[in-house]
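Observations on the model geometry
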Amino acid sequence: MKKTLSALALSLAALLPLHGSATTRLDFSNEYNHSSIHAEGDSYFINKVKELTGDQVQITLHTGGALGYKSADHFYAVTDNAVQLADTLAGTLAGIDPIFSLSSLPFLVRDEEDAERLYGLARPHYDKVFADNDQILLYASPWPASGIWAKQDVTSIDSLNKLKIRTYDKNGTLTLMAAGANPVKLSWADVVPQLSTGGISAVLTSAEAGANASFWEHLQHFSAIQYAIPLNMVHMNRDAFERLTPEQQSSLLEAARQTDAHNWQQVRTRVAENYQTLNQQGVAIQEQLPADFTQALETAAQATIDDWIKETGDRGRQILAQFRQEG
């Protein structure tokens, strides 16, 4: 991706010596808007870093893709130190390593407890991929469960037939295609423009994301299919981290640990808040879905899970075996 002038300036600034300066300034890219659960978690982290370092490390959060980066651009932007930190949808990193598709495997987790447990089992594998690419994984930012936003009720396989629906990664594309829909993988920044022009007529995402983007202006129905609880991941350039003092490094990692715990707690209460907003806007929420519909979706999803296991090999098999054994 061609860097914007602002991103290039940030990259040059990041090369300046940090030791001995009164304040270290870092930049943080996030594709989602400032009221999203992810931006709120990132702000929590930034405030913790400020508190724990005595304001010696100041981090500026750029939401809404303000630096010109989408989630798909973040990995290499952080590797190149064009931006020092980024909040990235994990599924967009599947081309780097298929392990990042784990959290969006369809119908694998039942609730936030399952999702957090799965994250804990996979965290060493995530850490290794980032470390191999001169980055550090700081913390996860879970989404509320994904459902289907549409113009009409989506409560049967027939209602999915040929539906032009946005998906956020390969897993969703394969699963919904197998269920009979016409899925289109789109970055978040492209969703509302495509809704406005009729390029898509439905979206696979959470009530959270739809509420933040005022989906009710285009879509009046939300089906809570509990598709997955996908993760965003916050990662940092290793050189930028290592140029901090040892005390600052410890403080930043402690802030990340606290933010991880905070984010998992926050996601547990977010759905009720989102549903209140949707009800106020007249969105019809379908929570009790027909058993034959959910069973058909799970059947359509099995090939996606099987493909992921083939791609990840022993790592994937071991994670899923342990997850199912402990569950």
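About the cut-offs
Residues numbered from 1 in each chain as written. Predicted model: local features only at pLDDT ≥ 70, side-chain atom pairs only at ≥ 80, totals over all residues. Heavy atoms only, no water. Salt bridge = Lys/Arg side-chain N within 4 Å of Asp/Glu carboxyl O. Helix = DSSP H or I, 4+ residues; strand = E, 2+ residues; numbered from the N terminus. Buried < 20%, exposed > 50% of the residue type's maximum accessible area, 1.4 Å probe, protein only. Axes fitted to C-alpha atoms, helices over the stretch in contact; angles between N-to-C directions. Parallel < 35°, antiparallel > 145°, perpendicular 65-115°, else oblique. Left-handed = near helix turned anticlockwise from the far one by under 90°. Contact = heavy atoms within 4.5 Å. Nonpolar A, V, L, I, M, F, W, Y, C, P; charged D, E, K, R; others polar. Expected span 1.5 Å × (residues − 1). Bend = angle between axes of the 7 residues up to and from the residue. Phe/Tyr/Trp six-rings, centres within 6.5 Å; stacked < 30°, edge-to-face > 60°. Pairing = 2+ DSSP bridges. Core = buried A, V, L, I, M, F, W, Y, C linked by side-chain atoms within 4.5 Å.

1. Brief notes about the pattern of salt bridges
Within the structure shown, the criterion is met by 17 salt bridges. In this structure, Asp114 and Arg117 form a salt bridge, with 3.2 Å as the shortest nitrogen-oxygen distance. You can see Asp114 and its partner Arg117 sitting in helix 4 (residues 112-132), three residues apart, about one turn around the helix. In this structure Asp114 comes out as buried when scored by relative accessible area, which is 5%. Its relative accessible area of 21% is what places Arg117 among the partly exposed residues. Where Glu311 meets Lys170, a salt bridge forms, and the shortest distance between an N and an O atom there is 2.5 Å. Of this pair, Glu311 sits in helix 11 (residues 291-312) while Lys170 sits in helix 6 (residues 170-178), placing them 141 residues apart in sequence. We classify Lys170 as partly exposed; its relative accessible area is 40%. Salt bridges sharing partners connect three or more residues here, namely Arg110, Asp114, Arg117 and Glu326.

2. Describing the packing of helix 2 (residues 37-52) against helix 10 (residues 246-280)
The axes of two packed helices give the description: the angle between them and the distance between them. Relative orientation of the contacting elements helix 2 and helix 10 amounts to 150°, with a least axis distance of 9 Å. When the interaxial angle is binned, helix 2 and helix 10 end up roughly antiparallel. As for how helix 2 packs across helix 10, the hand of that crossing is right-handed. When helix 2 is examined against helix 10, the residues Ile37, Glu40, Gly41, Tyr44, Phe45, Lys48, Val49 and Leu52 are found in contact with a partner set consisting of Ser251, Leu252, Glu254, Ala255, Ala256, Gln258, Thr259, His262, Asn263, Gln266, Val267 and Arg270. Of the residues assigned to the contact of helix 2 with helix 10, the class counts are nine nonpolar, seven polar and four charged.

3. Structural notes on the environment of Gly327
Within the secondary structure, Gly327 is located in the segment after helix 12 (314-326). Between the alpha carbons of Gly327 and Asp114 there is a distance of 7.8 Å; along the sequence they are 213 residues apart. Apart from the residues within four sequence positions on either side, Gly327 is in contact with Arg110 and Arg117.

4. Overview of helix 10
Compared with an ideal rise of 1.5 Å per residue, which puts 35 residues at 51 Å, helix 10 spans 49 Å between its outermost C-alpha atoms and is within 8% of the ideal. At Thr269, helix 10 shows its strongest bend, of approximately 40°. Phi turns positive, to about 80°, at Gly282, one or two residues after helix 10.

5. Side note on the packing of aromatic side chains
Remark: the centre distance and the inter-plane angle together describe each pair of aromatic rings, the angle taken between the planes. Scanning all chains against the criterion turns up 15 aromatic pairs. Geometrically, the ring pair formed by Tyr32 and Trp188 is tilted, given 6.0 Å between the ring centres and 40° between the ring planes. On the criterion of sequence distance, the pair formed by Tyr32 in the loop between strand 1 (24-30) and helix 2 and Trp188 in the loop between strand 7 (182-185) and helix 7 (191-197) is long-range, its members being 156 residues apart. You'll find Tyr32 and Trp188 in the same group, each marked buried.

6. Points about the sheet that holds strand 3 (residues 85-89)
Judged by pairing direction, the sheet is mixed, and its five strands sit side by side in the order 2-1-3-10-4 without closing on themselves. Lying at the two open borders of the sheet, with one neighbouring strand each, are strand 2 (57-62) and strand 4 (135-142). Ignoring strand direction, the axes of neighbouring strands in this sheet form an average angle of 20°. Two strands pair when backbone bridges link them, and strand 4 and strand 10 (residues 231-237) are joined in this way by seven bridges, in the antiparallel orientation. Residue Ser141 lies in a different strand from strand 10, and its bridge partner there is Asn232. On the sheet, helix 2 packs against strand 1, strand 2, strand 3, strand 4 and strand 10 and is oriented at approximately 165° with respect to strand 2.

7. Points about the nonpolar core
Counting 41 residues, the largest nonpolar core has Leu160, Phe222 and Leu278 as its most contacted members. Listing elements by their share of this core, those giving two or more residues are strand 5 (146-150), helix 7, strand 8 (202-206), helix 8 (207-212), helix 10 and helix 11. Once residues within four sequence positions are removed from consideration, Leu160 is found in contact with Ile148, Val154, Leu176, Ala179, Gly180, Ala181, Phe293 and Leu297. Phe100, Tyr126, Val129 and Ile305 belong to the second largest nonpolar core, which has 32 residues in total.

So yeah, pure geometry; function would need other evidence.
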